[in-house]
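Below, each chain spelled out in residue letters.
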Amino acid sequence: MSLQAATIPFSAHFDLTNGLSRDYASTRRMLSKMAGMYENDKAFANLVAEGDPLVYEFYELTMPEAPNELLFGTSIVHPGKVGREYYMTKGHFHTILDTPEVYYCLSGEGYMLMENPEGEWQAERFTPGQAVYVPPRYAHRSVNTGNESLVTFFVYRADSGHDYGTIETKGFRKLIVEEKGAPVVVDNPKWRDGEES
Ligand SMILES: O=P(O)(O)OC[C@H]1O[C@](O)(CO)[C@@H](O)[C@@H]1O
Ligand SMILES: [Fe+2]
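Residues numbered from 1 in each chain as written. Chains lettered and ligands numbered in written order. Predicted model: local features only at pLDDT ≥ 70, side-chain atom pairs only at ≥ 80, totals over all residues. Heavy atoms only, no water.

Taken together, His-92 (NE2), His-94 (NE2), Glu-101 (OE) and His-140 (NE2) make up the full set of protein donors to the iron ion (ligand 2), lying 2.1 to 2.2 Å away. Counting residues between consecutive donors of the iron ion (ligand 2) along the chain gives the motif H-x1-H-x6-E-x38-H. Taken individually, His-92 and Glu-101 each receive the classification buried, so the pair is uniform in this respect. (Donors = N, O, S within 2.8 Å, 3.2 Å for Na, K, Ca; no water. Buried < 20%, exposed > 50% of the residue type's maximum accessible area, 1.4 Å probe, protein only.)

Turning next to the site of ligand 1. Taken together, 15 residues surround ligand 1, and among them Tyr-56, Gly-91, Glu-101, His-162 and Tyr-164 come closest. Within the contact set of ligand 1, an oxygen atom lies 3.4 Å away from a side-chain nitrogen or oxygen of Ser-75. Computed on the free molecule, ligand 1 has an accessible area of 380 Å², of which 98% lies beneath the protein chains in the complex. For the shell around ligand 1, the elements supplying multiple residues, two or more each, are β2 (54-58), β6 (101-107) and β11 (150-157). (Near = heavy atom within 4 Å. Polar contact = N/O pair within 3.5 Å; in protein donor to acceptor, adjacent residues only side chain to side chain. Areas by Shrake-Rupley, 256 points an atom, 1.4 Å probe, with all protein chains shown as cover. Helix = DSSP H or I, 4+ residues; strand = E, 2+ residues; numbered from the N terminus.)

This paragraph deals with the UniProt feature "domain: Glucose-6-phosphate isomerase prokaryote" (unreviewed entry) in the protein chain. The residues that UniProt annotates with the feature "domain: Glucose-6-phosphate isomerase prokaryote" (unreviewed entry) are residues 30-181. For residues 30-181, helix accounts for 10% and strand for 40%, while the C-alpha atoms at its two ends are 25 Å apart. (UniProt positions renumbered as here; feature names shortened; annotations may be inferred.)

With that out of the way, let us pick up the pairing of β11. When strand β3 (residues 70-77) meets β11, the two strands line up antiparallel, connected through eight bridges. Bridging across to β11, Ser-75 finds its partner in Thr-152. (Pairing = 2+ DSSP bridges.)

Here we come to the sheet that holds β11. With antiparallel pairing, the six strands of this open sheet are ordered in space as β1-β2-β3-β11-β6-β9. Among the strands making up the open sheet, the edge pair consists of β1 (27-30) and β9 (131-134). Each strand of the sheet is rotated relative to its neighbour by a mean of 20 degrees, with strand direction disregarded. When β6 meets β9, the two strands line up antiparallel, connected through four bridges. By the bridge assignment for β9, Tyr-104 is matched with Ala-131. (Axes fitted to C-alpha atoms, helices over the stretch in contact; angles between N-to-C directions.)

Below, the discussion takes up the environment of Leu-175. Within the secondary structure, Leu-175 sits in strand β12 (residues 174-179). When the C-alpha positions of Leu-175 and Ala-123 are compared, they lie 9.9 Å apart, and in sequence the two are 52 residues distant. In this structure Leu-175 touches Glu-39, Glu-85, Val-184, Val-185, Val-186, Asp-187, Asn-188 and Pro-189, once residues within four positions along its chain are discounted. (Contact = heavy atoms within 4.5 Å.)

Next up on the list: the sheet that holds strand β8 (residues 121-126). Read across the sheet, three strands follow the order β8-β7-β10 without closing on themselves; strand pairing throughout is antiparallel. Two strands in the sheet have a free side with no partner beyond their single neighbour: β8 and β10 (139-144). Each strand of the sheet is rotated relative to its neighbour by a mean of 20 degrees, with strand direction disregarded. Across six bridges, the pairing between strand β7 (residues 110-115) and β8 is antiparallel. Along β8, the bridge assignment pairs Leu-113 with Ala-123.

This is how it looks when you write it as structure tokens:
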């Protein structure tokens, strides 16, 4: 990709507690946009029928999708569960797989769940003040295990792109669910290797 003309300097506001910006409108993902991603399809269908809750929202700045630019913003995962599984983002690989991302937790608590195509995975804890590095090649999904919104600030190379298809087809290898009042990482019964049709 060729380099594009440089952007001009600018600044943007993001609230330290709720993550919202007075400068931009957020992109909102309702639960119905995550069909098949949660373990419990019945609990999912009931919640969608009862009002289709807002699960998460984030800011997508309009930047040149060029390797010499950075994209940044906040991601806000609201508190809640589908069955025993905590609210989470869809998660994605980057289209340019070899690109990393940094997240910094501003408020709330939860985990960044990560896995690479080789099958290595890791869940890193989010608490306010904690930064998480998502290495190149790792799909990443934010999971809110607390009672307040999980607010993170993220930065990644602007041409990285979002590959949602792989996660929509295969799922993540692991889930984070509540057991005896605490979050635990368990195998995802819906995960499939994707080799078969
Ligand atoms: O892309 P997902 O998995 O729906 O999650 C959205 C979050 O991921 C990002 O794409 C950053 O990786 C943000 O735009 C947003 O916070
Ligand atoms: Fe990303």
